[in-house]
Amino acid sequence: MAGVTLQALAGRPGLGTNAFVPQSLQGDEEDSRSGRCFNEGEDPQHLEAPHLLPLLPIAPGCSQDGLSPCHLLTVRVIRMKNVRRADLVSQTDCFVSLWLPTASQEKLRTRTISNCPNPEWNETFSFQIQTQVKNVLELSVCDEDTVTPDDHLLTVLYDLAKLCFRKKTHVKFPLNPEGMEELEVEFLLAESLSPPETLITNGVLVSRQVSCLEVHAESRRRRKSKKSLLVKVTESFENTQRISLCQEPSCPNPACFHYPKYFQPQLHVEVCCCCTPKNGPVCQPLDCFSDGQAETLPVGENCELHMKSAPCPDTLDVRLGFSLCQEELEFLQKRKLVVAEALKQVLQLEEDLPEDEVPLIAIMATGGGARSMTSMYGHLLGLQKLNLLNCASYITGLSGATWTMATLYSDPEWSSKNLEPAIFEARRHAVKDKMPSLFPDQLCRFQEELRQRSQEGYRVTFTDFWGLLIEACLGDERNDCKLSEQRAALCRGQNPLPIYLTINVKDDVSNQDFREWCEFSPYEVGLQKYGAFIPTELFGSEFFMGRLMRRIPESRMCYMLGLWSSIFSLNLLDAWNLSHTSEEFFHRWTRKKVHDIEDEPLLPEIPKCAADILETTVAVPGSWLSDTFRDILTHRPFVSEFHNFLFGLQLHTDYLQNSQFSMWKDTVLDHFPNQLTEFAKHLCLLDTAFFVNSSYPPLLRPERKADLIIHLNYCAGSQTKASVTSKASPKPWGPGSSAIPQRPQLFVNK
């Protein structure tokens, strides 16, 4: 594979070789608006490049690692002019909060200046940033209230890639040009004394260096103490743990805290006893700790806290790459032999097909509940009788079609057996009385199973109950099969590879603004948009920065069926969209007012340093009525939530320019990196059929190279509507690409 190495230039850490010449700036400093930059002592025509490290191209489908230095960012919030009023009776009690999630999980804030339309703070904040990730600073202007929650007036989103290295940059943000409201901030990007950081990236996501802090508490008293310590490490994955006191200076099972190594300037340890000590909590910053160095922190008179930091291995448990996994590649080689033999019989060829002439054929099914389940059985039987089932290498499905697929793949040899007995069994369950599934004894069994699932570490929702109900209605007894166990049906290439589909959404955002495909196979679960995949048996476990933190037992198949056909995950906006052709009136109520302050025609143009820089925008929250209406429309009380395996990872600074980064044409959050999936602790997954009733996205990945797609359409209406909608809606991969490539041929059943 082609490699890429991130290195600092000798003598000039972090400074790249690229340079840029911005367009001319007009006017004096007081007239500057919309992020116009002023570099102290510099001619604005000769600014240094903000790109500190040029990246070599990433090899498609793989992840690369290398060293990249961090930099010290200093932000000085100077003043604000003509602050808008949040209350009718008084001036605003104004403060500014700063949030840079790529450098710290915590929000910083200035002091509050009361009843002042022109507050002046002159407060300085420091962040240690990695310039190879997309750093977008959010500056929120708020009105402090004593009794009620603070009023959020607006938020400025500023891409730090605009900053010039080693130069102080003054920026005046025009928050409301008509009211002459503006916020003045000063930035300085300088070298950091920290050593270079090891990064692993696929060109879209970046995994940063993680350290593990081992902590145990020792009691100085000889008699056993019943007290314990509550230890908190900010920025860590674990955050807070309770530690019992031991009598020995060493402990076989110390508490572990995992945290990004270069978040250290914002790290500290708060230690407090169960009974609050007289001297209050003990605090200790961690930025002075060296890897492998043991430290002892006294806690009161009778306790010591022993700590030792060590680097975590660079090997990730999340596969960052857009290529197919090795197991799937090996399966395709085995399956190609089966397909070649089947095509030889179907086409009545005298000679074997050459390996490079064996086509990749896929079967694509839509959703539709029991209708799609029963219809898919019939279609597969027909394909089997025509000897075409052995010609397919993939079967994809969603919603009710997954009920058929999961049942068939419980038998490793299902496609080589007559499907009629399986169809008779499915028919028996389809027509049987479903009421016993809701009898009190059965509900008590469901309750006990859900309690055990919660104890394992899952977030139990109504969708899990729905999965148990599906199991009871489609079978006679408990089914302990798991998705990863379907590998037995693929070990010799004897069956097509099944792929199940769902979409990831946000609970407080309309599906029109954010949605992401999530595919499940017996080998991997992943989000193709980011090129991030995990082994199927690890889905539901807890991850941080691409590393497995806590393994949770794999879900039984019934819970996966509930997830893939989660009809209860709809919100009111989804229901309205299903029953009406247009939702524009309601959809606009769910969005915040966001405008680009760099496009003001009366303001000087901002110099553009590179193509990957995001526009500076101001987001104004809606009114109380608008927020309430949005919450009612977008809230999903029964959505399936699973631990996010992307949690902690960060977006590459050039993620939008990466041709592999797949996004929808009409979504808006892709240009707001702080709101994307990598910062969410949980994935919110729902049935794809309620948005796009088609399972084509996994088949249209360029790496799968599908030649022919057989479309089994089970929609209630038109038999061609689903495919037409699929062509118009998404952009499956990369900026600027067409919705569907021309290579695969699509057959629609009628």
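Residues numbered from 1 in each chain as written. Predicted model: local features only at pLDDT ≥ 70, side-chain atom pairs only at ≥ 80, totals over all residues. Heavy atoms only, no water.

## Side note on the overall build of the chain
Tallying secondary structure elements over the chain gives 11 helices and 36 strands in all. Within the chain, the fraction of its 750 residues that count as buried is 55%. Partitioning the contacts of the chain with sequence separation of at least 6, the portion at a separation of at least 24 is 75%. On the chain, roughly 32,500 Å² of surface is accessible, and the fraction owed to carbon and sulfur atoms is 54%. (Helix = DSSP H or I, 4+ residues; strand = E, 2+ residues; numbered from the N terminus. Buried < 20%, exposed > 50% of the residue type's maximum accessible area, 1.4 Å probe, protein only. Contact = heavy atoms within 4.5 Å. Areas by Shrake-Rupley, 256 points an atom, 1.4 Å probe, with all protein chains shown as cover.)

## Section: the packing of helix 2 (residues 370–385) against helix 3 (residues 401–408)
A pair of packed helices is captured by two measures, namely the crossing angle of their axes and the spacing between those axes. Contact geometry for helix 2 and helix 3: axes closest at 6 Å, N-to-C directions at 50°. Regarding the angle of helix 2 to helix 3, the classification is oblique. Here A370, S372, M373, M376, Y377 and L380 of helix 2 come into contact with helix 3, specifically with A401, W403, T404, M405, T407 and L408. By residue class, the composition of the contact of helix 2 with helix 3 is 9 nonpolar, 3 polar and no charged. (Axes fitted to C-alpha atoms, helices over the stretch in contact; angles between N-to-C directions. Parallel < 35°, antiparallel > 145°, perpendicular 65-115°, else oblique. Nonpolar A, V, L, I, M, F, W, Y, C, P; charged D, E, K, R; others polar.)

## What about the pairing of strand 14 (residues 228–233)?
Taken together, the 5 bridges between strand 14 and strand 15 (residues 240–246) define a ladder with antiparallel strand orientation. Counterpart to K232 in the pairing with strand 15 is T240. Hairpin remark: strand 14 followed by strand 15, antiparallel, with 6 residues in the connecting loop; positive phi at E235, about 75°. (Pairing = 2+ DSSP bridges.)

## A short note on the pattern of salt bridges
Inspection of the entire model under this criterion finds 34 salt bridges. Ionic pairing is found between E420 and K385, a salt bridge with its closest N-O pair at 3.6 Å. In this pair, E420 sits in helix 4 (residues 420–431) while K385 sits in helix 2, placing the two residues 35 residues apart along the sequence. Note on K385: relative accessible area 59%, which makes it exposed. With a shortest N-O distance of 3.0 Å, R704 and E519 are connected by a salt bridge. Placement of R704 in the loop between strand 34 (682–686) and strand 35 (708–712) and of E519 in strand 25 (residues 516–520) is noted, with a sequence separation of 185 residues between them. Summarising the burial analysis for this pair, R704 and E519 share the class buried. In the salt-bridge network here, residues are joined through shared partners; they are R445, E449, E471, R478, D480 and R556. (Salt bridge = Lys/Arg side-chain N within 4 Å of Asp/Glu carboxyl O.)

## Overview of the nonpolar core
Core analysis: the biggest nonpolar cluster contains 123 residues, and L205, L380, Y394, F520, Y530, F539 and W564 have the highest contact counts within it. With sequence-adjacent residues up to four places away left out, Y530 is seen in contact with N202, V204, L205, F322, E516, L646, L651, F661, L676, T677 and E678. V77, F125, V156 and L189 belong to the second largest nonpolar core, which has 35 residues in total. (Core = buried A, V, L, I, M, F, W, Y, C linked by side-chain atoms within 4.5 Å.)

## Considering the packing of helix 6 (residues 462–474) against helix 7 (residues 557–564)
Closest axis-to-axis distance for the helix 6/helix 7 pair is 7 Å, and the angle between their directions is 115°. With respect to their mutual orientation, helix 6 and helix 7 come out roughly perpendicular. The crossing of helix 6 and helix 7 is right-handed. Every residue of helix 7 that contacts helix 6 at T463, D464, W466, G467, L468, I470 and E471 is listed here: C558, Y559, L561, G562 and L563. Here the contact of helix 6 with helix 7 is built from residues that sort into 7 nonpolar, 3 polar and 2 charged. (Left-handed = near helix turned anticlockwise from the far one by under 90°.)

## Notes on the pairing of strand 25
Counting buried positions over the 5 residues of strand 25 gives 5, a clear majority of the element. Of the two faces of strand 25, the one carrying E516, C518 and F520 and the one carrying W517 and E519 are both buried. Bridge analysis of strand 24 (residues 497–505) against strand 25 gives 5 bridges, and the strand direction is antiparallel. Across the sheet, I503 pairs through a bridge with W517, a residue of strand 25. Two strands pair when backbone bridges link them, and strand 25 and strand 26 (residues 524–527) are joined in this way by 2 bridges, in the antiparallel orientation. From the neighbouring strand, F520 faces strand 26, where its bridge partner is V525.

## Section: the packing of aromatic side chains
Evaluation of the coordinates by the stated rule reveals 15 aromatic pairs. Ring plane angle 80° and centroid distance 6.2 Å describe the contact between Y458 and F642, whose orientation is recorded as edge-to-face. Of the two residues, Y458 sits in the loop between helix 5 (440–456) and helix 6 while F642 sits in strand 32 (residues 640–643), which places them 184 residues apart along the sequence. The residues Y458 and F642 share a single accessibility class, namely buried. Seen from their ring centres, Y655 and F661 are 5.3 Å apart, and the 90° between their planes marks the pair as edge-to-face. Each member of the pair, Y655 together with F661, is buried. These aromatic residues form a ring-pair network of at least three members: Y458, Y500, F520, F539, W564 and F642. Here R109 stacks its cationic end above the ring of F95, 3.8 Å away from the centre of that ring. Over the ring of Y559 we find R453; its NZ or CZ atom is 4.1 Å from the centre of that ring. (Phe/Tyr/Trp six-rings, centres within 6.5 Å; stacked < 30°, edge-to-face > 60°. Lys NZ or Arg CZ within 6 Å of the ring centre and 35° of its normal.)

## A look at the confidence of the model for the chain
One rule of thumb: low pLDDT means the predicted coordinates there are not for detailed reading. Confidence in the prediction of the chain, expressed as mean pLDDT, is 80, and 76% of residues score 70 or more. Here residues 601–608 scores under 50 on pLDDT; set against residues more than four positions off or in separate chains, the count is 20 contacts. Predicted confidence for residues 722–743 stays below pLDDT 50, and this span has 57 contacts to residues more than four positions away or in other chains. (pLDDT = per-residue confidence, 0-100.)

## Regarding helix 7
With respect to burial, helix 7 is a largely interior element, 8 of its 8 residues being buried. Considered for burial, the residues of helix 7 that qualify are M557, C558, Y559, M560, L561, G562, L563 and W564.

## A closer look at a nonpolar patch on the surface
Together, M435, L438, F439 and L443 line one region of the surface with nonpolar side chains, adding up to about 350 Å² of accessible area. Within the secondary structure, L443 sits in helix 5. (Patch = residues over 30% accessible without salt bridge, like charges linked within 9 Å, V, L, I, M, F, W, Y side chains within 5 Å.)

## Digging into unusual backbone geometry
Unusually for a residue other than glycine, R166 sits at a positive phi of about 65°. Of note, R166 is situated in the loop between strand 8 (151–159) and strand 9 (168–176). The phi dihedral of N239 is positive, around 70°, even though this residue is not glycine. One can find N239 in the loop between strand 14 and strand 15. Residue classification places N239 among the partly exposed positions, given a relative accessible area of 32%.

## So, the side chain of D670
Its location among the elements puts D670 in the loop between strand 33 (650–651) and strand 34. At 2.4 Å, the side chain of D670 forms a polar contact with the side chain of K529. Dropping the residues within four chain positions of it, D670 is found in contact with K529, Y655, L656, F661, M663, W664 and L676. (Polar contact = N/O pair within 3.5 Å; in protein donor to acceptor, adjacent residues only side chain to side chain.)

## Some thoughts on the state of the cysteines
Summed over the entire model, instances satisfying the criterion amount to 0 disulfides. The thiol sulfur of C142 is not disulfide-bonded, and the nearest other cysteine sulfur, from C94, lies at 7.9 Å. (Disulfide = S-S within 2.5 Å.)

## Let's talk about the side chain of S236
Tracing the backbone through its elements, the reader meets S236 in the loop between strand 14 and strand 15. The class of S236 is buried, set by a relative accessible area of 3%. Reaching out from S236, the side chain makes a polar contact with the backbone nitrogen of N239 at a distance of 2.9 Å. Residue contacts for S236: discarding those within four places in its chain leaves Q105, F257, H258 and Y259.

## Remarks on the environment of S415
Relative to the helices and strands, S415 resides in the loop between helix 3 and helix 4. Through-space distance from the C-alpha of S415 to that of Q384 is 7.6 Å; in sequence the pair is 31 residues apart. Aside from chain neighbours lying at most four places away, what touches S415 is Q384, L389, N390, Q494 and N495. One polar contact links the side chain of S415 to the main-chain carbonyl oxygen of Q494, over a distance of 3.0 Å.

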